[in-house]
Amino acid sequence: MVRKKKILKLMALLLVAMCISSGINTISASAETPYKTYTVDGYGRMQETQAAYLAKDTIYKFGEETFAKPNDMFVSDDGKIYVADTGNARIVVGDVNGNLIGVVGKGTLVSPRGVYVTDNGHIYVADRDAEAVFEFDENGKEVNRYGRPDNPLYGDDITYLPIKIVVNDAGIMFVVCESNTNGIVEISPAEGGTFLGYFGTNFTSTTLQDIIYRAISTPEQRAKRVSNIPSTPDNLAIDEKGLIYTVTRGEKSTTLKRLNIAGINMIQKRNDFYDDTPAAVAVGNNDNVYVLSANGYIYEYNNQGEPLYVFGAKDDGKQRIGLATQATSIQVGSKNELYVLDAEAGSIQVYQQSEFTGKLHTALNLYANGRYTESREPLTEVLQMNSMFDYANKAMGRAYFQEENYDEALRYARLSKDDEGYSDAFWEIRNNWLKRNIVAALLIIVALFILFKVITYFDRKKGILEGVRTLKKKMKENRLISNVMYAGYFMRHPFDGSYGIAREGRASWSAPSILLVVFMIEYVINKYMCGFLQKTIREGRYEFFTDIGTILIVIIALTACNYLVCTINEGEGTVKKIYTYFCYSLMPYICFTPLSFALSHVLTWNEQFLITLVEVVMYVWTAILVVLAIKEVNNYTGKETLKIIGLTAFTILIVALLIFIIYVLWSQVFSFIAEIFGEAVYRIGM
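Cut-offs used in this document
- Residues numbered from 1 in each chain as written.
- Predicted model: local features only at pLDDT ≥ 70, side-chain atom pairs only at ≥ 80, totals over all residues.
- Heavy atoms only, no water.
- Helix = DSSP H or I, 4+ residues; strand = E, 2+ residues; numbered from the N terminus.
- Rg over C-alpha atoms; globule rule 2.2 N^0.38 Å.
- Contact = heavy atoms within 4.5 Å.
- Areas by Shrake-Rupley, 256 points an atom, 1.4 Å probe, with all protein chains shown as cover.
- Salt bridge = Lys/Arg side-chain N within 4 Å of Asp/Glu carboxyl O.
- Buried < 20%, exposed > 50% of the residue type's maximum accessible area, 1.4 Å probe, protein only.
- Pairing = 2+ DSSP bridges.
- Axes fitted to C-alpha atoms, helices over the stretch in contact; angles between N-to-C directions.
- Parallel < 35°, antiparallel > 145°, perpendicular 65-115°, else oblique.
- Nonpolar A, V, L, I, M, F, W, Y, C, P; charged D, E, K, R; others polar.
- Expected span 1.5 Å × (residues − 1).
- Disulfide = S-S within 2.5 Å.
- Core = buried A, V, L, I, M, F, W, Y, C linked by side-chain atoms within 4.5 Å.
- Patch = residues over 30% accessible without salt bridge, like charges linked within 9 Å, V, L, I, M, F, W, Y side chains within 5 Å.
- Lys, Arg positive; Asp, Glu negative; His and termini not counted.
- Charge placed at Lys NZ, Arg CZ, Asp CG, Glu CD.
- Phe/Tyr/Trp six-rings, centres within 6.5 Å; stacked < 30°, edge-to-face > 60°.
- Lys NZ or Arg CZ within 6 Å of the ring centre and 35° of its normal.

Asks: Teacher, can you tell me more about the overall build of the protein chain here?
Replies: Each helix and strand counted, the protein chain has 17 helices and 27 strands in total. For the protein chain, the C-alpha radius of gyration of 35 Å lies well beyond 26 Å, the compact-globule estimate for 686 residues. Principal axes of the C-alpha set define a box for the protein chain whose edges measure 105 × 95 × 70 Å. Taking the intrachain contacts of the protein chain between residues at least 6 apart in sequence as the baseline, contacts between residues at least 24 apart amount to 52%. When the accessible surface of the protein chain is split by element, carbon and sulfur atoms take 59% of a total near 37,700 Å².

Asks: Looking at this structure, how should I read the pattern of salt bridges?
Replies: Two side chains carrying opposite charge are able to pair once their charged atoms lie near each other. Counted by the stated rule, this structure contains 24 salt bridges. Between E65 and R90 there is a salt bridge, and its shortest N-O distance comes to 2.7 Å. Placement of the pair is E65 in strand β5 (residues 65–66) and R90 in strand β8 (residues 90–95), with a sequence separation of 25 residues. Residue E65 is classed as partly exposed on the basis of its relative accessible area, which comes to 26%.

Asks: Could you clarify how one ought to interpret the sheet that holds strand β9 (residues 100–104) in this entry?
Replies: Pairing between the strands of a sheet is mediated by backbone hydrogen bonds and can be parallel or antiparallel. Taken together, the four strands give an open sheet; going across it, the order is β6-β7-β8-β9, and neighbouring strands pair in antiparallel fashion. Edge strands, defined here as strands with exactly one partner in the open sheet, are β6 (72–75) and β9. The mean inter-strand angle of the sheet, taken between neighbouring strand axes irrespective of direction, is 20°. Here β6 pairs with strand β7 (residues 80–85) via four bridges, running antiparallel. Across the sheet, the residue bridging to V75 is I81, located in β7.

Asks: Can you walk me through the packing of helix α10 (residues 479–492) against helix α11 (residues 494–503) in this structure?
Replies: Packed helices, taken two at a time, are described by the angle their axes make and the gap between the axes. Relative to each other, α10 and α11 sit at 135°, their axes nearing to 5 Å. Comparing their axes, α11 and α10 come out oblique. On α11, the residues touching Y486, Y489, F490, M491 and R492 of α10 are P494, D496, G497, S498, G500 and I501. Looking at the contact of α10 with α11, its residues break down into six nonpolar, three polar and two charged.

Asks: Honestly, the side chain of N526 in this entry has me stumped. Any pointers?
Replies: Checked against the element boundaries, N526 lands in helix α12 (residues 510–529). With residues up to four places along the chain from it excluded, the contact list for N526 reads Y589, T593 and F597.

Asks: What's the story with helix α5 (residues 372–385) in this structure? I'm lost.
Replies: Since the α-helix turns once every 3.6 residues, residues separated by three or four places project in the same direction. Taking 1.5 Å per residue as the helical rise, α5 with its 14 residues ought to reach 20 Å, and the 20 Å between its terminal C-alpha atoms agrees with that figure. Close packing links the buried residues of α5 with α4 (355–368), α6 (390–402) and α7 (406–416).

Asks: Sorry if this is basic, but what is going on with the state of the cysteines here?
Replies: Any covalent bond linking the sulfur atoms of two cysteines counts as a disulfide. Taken as a whole and assessed by the stated rule, the structure comprises zero disulfides. The structure places no disulfide on C583, whose sulfur is separated from the nearest cysteine sulfur, that of C591, by 14 Å. C583 sits in the buried class, given a relative accessible area of 0%.

Asks: Teacher, can you tell me more about the sheet that holds strand β19 (residues 244–247) here?
Replies: Here we have three strands laid out as an open sheet, ordered β18-β19-β20, and antiparallel in their pairing. The sheet terminates laterally at β18 (235–238) and β20 (256–259), the two strands that pair on one side only. The mean inter-strand angle of the sheet, taken between neighbouring strand axes irrespective of direction, is 20°.

Asks: Looking at this structure, I do not really get the nonpolar core. What am I missing?
Replies: Soluble globular proteins: nonpolar side chains tend toward being buried together. Ranked by size, the top nonpolar core spans 43 residues in total, and within it I298, Y309, F311, I330, L338, Y351 and F389 carry the most contacts. Sort the elements by how many residues they give to this core and α6 lands first, with five residues. Counting 40 residues, the second largest nonpolar core, distinct from the first, contains V167, M173, V185 and F195.

Asks: Could you clarify how one ought to interpret a negative patch on the surface in this entry?
Replies: Taken together, the side chains of D77, D78, D119 and D169 present a region of like negative charge at the surface. Judged by relative accessible area, which is 74%, D169 ranks as exposed.

Asks: Explain the environment of L642 to me, please; I cannot follow it from the model alone.
Replies: Within the fold, L642 resides in helix α17 (residues 638–685). According to the relative accessible area criterion, L642 is exposed, its value standing at 59%. Sequence spacing of L642 and V627 is 15 residues, and the spatial spacing of their C-alpha atoms is 8.2 Å.

Asks: Hey, could you run me through the packing of aromatic side chains in this one?
Replies: Two aromatic rings are characterised by how far apart their centres lie and by the angle between their planes. With the rule as written, the count across this model stands at 34 aromatic pairs. Chaining the aromatic ring pairs together yields one cluster made of Y35, Y53, Y290, F311 and Y351. Taking the ring centre of Y412 as reference, the NZ or CZ of R411 above it sits at 4.6 Å.

Here you go:
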């Protein structure tokens, strides 16, 4: 009996231990991601998605050697981690388990800021305060020291303060020097260090305001302004092909660059998803690249600079795993794990990729190697895990395009809002359709031309279209139809048309209102049903009433404000006349929008300029009609017309401001009344 109780007690203890262990594991799993992961959808918005990387571990020291203000780090393929331990003036070498392997440069280095290790184990160190680049062999012995280049092309007044370095397979060093705005310093190891020139210089931009200021300001005033000089890169990396990646703060859409041997940026796509304070860049193993923010955020891009993920956050002092205080370096391990160096905490954060990211990386790798069909399998698995992950849809579409399955490529491009991919697939589909139907289309055109000639001939001989002409004449005798058709005459002959509105009784309420309704219908149809490449709104988002209400408010505001201004300034236009010429001025839009709508469904991305041309003609023509109508109907001079237009715009602005103020005040009143009512109901209920 006693033995049975002991067994039961032991089993109870084991059960409690299992529960505690389960609770601990749960807490650990949730603590692995103390941040959210975001991706960029096809509309350019940040959307939360599955965790891309899980916080795995934090390394505070190698053996008993801690770090003091470390600035850089390098992770080799064999798992060794080299840390530029700036505060202790040394390079500390350890492994991923935190074991100490060795210390390099102790007593030689002064302020190591950058470290790079070649395939043969040679360690290159950029030492700012020593004003030199040190080269150590695999045993930590100094073999070379590269000081300030003595080449005149380097610049006599330019300091040499190395802070970051990478080395290509030929042994050529690419060094970022503090405050050197000429670009990356390129040094050959030949003859103890030969200066080859500057590489990857950033460009400057000058605004029209700066040009005007410099033209009219004195030399003293120009001297006080900040010089317009290129930015110095903050960090750099190199891939296995020898391409150099740089990050530079303040460069906005060109923060990240991928430079070829000529120093030309190969990232052609421009986006705004770069951090304002980039600290480091690292090349991934799957044709991808990582950018680290000083605040601890990690951005992952493909090789074209398209964003895949954003994750991480700044540590709030709780020292949670996966968060950094002052991030300075990022490296990628052989198994796609990420290492982030935190200078403030003196630690290395370690992240491992999630299953979701692993499948995406597999697809990227297969696609980069031309294995398009094979890449679709992992992409399908990614989409099964998150069907709204637009980049996977985009990659799937591009894979189908490479297989010449253009229908599927078009479908996935539409799902991912990939304009370029959609355009390429549509071009191929259109080209194939033309090849199949060009002869039939030409025959139809010829047949229609012959039919037109036949009808014209018999009409001339027999008058077969006399009934049509009679009907057209009767329609013109109808005042409403006549006024509607007069809008076309107004569009072609604005001077005579304006005279008709002002003095021949062409002003009315009904005909302009019909044209306004047609305008609203065309506007709504074109906005929501135009071709994919022209659409500017999200799929499934319809705001018909808002669109119609906005148009009506604009027309009413234009008519009322223009009438008030014209009345004060002795204009001859009445409310009816002003309403009429504003609505008639919409005729270019009414006539050209069907053409623009049709073109949007048949043109590719490179042909969109034709639609732009149609729209420019349409809007310019409308503006000209408005200006001439204001002038002629109100009997103004050109100078008076410009004055009236300016006053009308100002009046509309004042009215809009008043409406906004009244809206805000009434909103507060209604909110106050609602709160009082809610409080009363609460007290009555008590």
